[in-house]
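Structural description and commentary
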Amino acid sequence: NDPSGRGGLYLEIDHSNDNENIRLSDSDDKNYVLIDSKNKKITVNTDEGDILIRAPKGKVRIDREDGSGHLYADEVEMFYDPDGDSRKVDTMQARGNVNLREADFLATSDTADFTDGTAVIDLTGSVVVFIDRDRMEADRFRYDRRTGKKNAQGNVKFRFRLPSQEGEAPADPA
């Protein structure tokens, strides 16, 4: 607690057990960030509970709890809604070796920007998207989670496979 009653932030560094824990907290210790270097994890505690972000081997991995998707990248920044729910991500930016799995596709790119409460995803730089057995490459790819609309722009290349009927040879591309 803050004996002066003025508020503020407090930094505590613990070097015990071959580990370095860094804790930054507010004056009443209800909100804090704990960095655990041994287990390579960051815990953000707000008045409403903990948010756990893991960064093993220099990579950021964010997996959906239900297993329906993931985001892997070298770096991820999350920005929370300043006027609303302090735990709801408003925008997010992923940089470097982005690997994104959504319900109906897998994509890789250099960057991913999530906007509009993370409902809209913009992938840029060396974008490759796999949908079923089809492959698409482009400079940019936009996906709106609300509508399901997908849009590719710039140097778009698309490879698709025609479904064949049982017992019938696939069509000759020549």
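Below or above, wherever it landed, is the structure these notes cover. (Residues numbered from 1 in each chain as written. Predicted model: local features only at pLDDT ≥ 70, side-chain atom pairs only at ≥ 80, totals over all residues. Heavy atoms only, no water.)

1. A short note on the nonpolar core
- Core analysis: the biggest nonpolar cluster contains 21 residues, and L71, L123 and F141 have the highest contact counts within it.
- For this core, the secondary structure elements donating two or more residues are β7 (70–73), β9 (89–101), β10 (106–115), β11 (120–131) and β12 (134–144). (Core = buried A, V, L, I, M, F, W, Y, C linked by side-chain atoms within 4.5 Å. Buried < 20%, exposed > 50% of the residue type's maximum accessible area, 1.4 Å probe, protein only. Helix = DSSP H or I, 4+ residues; strand = E, 2+ residues; numbered from the N terminus.)

2. Quick notes on a nonpolar patch on the surface
- Taken together, the side chains of L24, V33 and I35 make up a nonpolar region of the molecular surface, amounting to roughly 200 Å² of accessible area.
- Tracing the backbone shows I35 in strand β3 (residues 32–36).
- What makes I35 partly exposed here is its relative accessible area of 35%. (Patch = residues over 30% accessible without salt bridge, like charges linked within 9 Å, V, L, I, M, F, W, Y side chains within 5 Å. Areas by Shrake-Rupley, 256 points an atom, 1.4 Å probe, with all protein chains shown as cover. Salt bridge = Lys/Arg side-chain N within 4 Å of Asp/Glu carboxyl O.)

3. Observations concerning the packing of aromatic side chains
- Tallying each qualifying case throughout the model produces three aromatic pairs.
- Aromatic pair F105 and Y143: ring centres 5.0 Å apart, planes at 85°, arrangement edge-to-face. Within this pair, whereas F105 is found in the loop between β9 and β10, its partner Y143 is found in strand β12, the two being separated by 38 residues in sequence.
- We classify F105 as buried; its relative accessible area is 2%.
- Here a set of aromatic residues connected by ring pairs shows up, and it is made of F105, F141 and Y143. (Phe/Tyr/Trp six-rings, centres within 6.5 Å; stacked < 30°, edge-to-face > 60°.)

Fair warning: the whole summary comes from geometry, so function is off the table for now.
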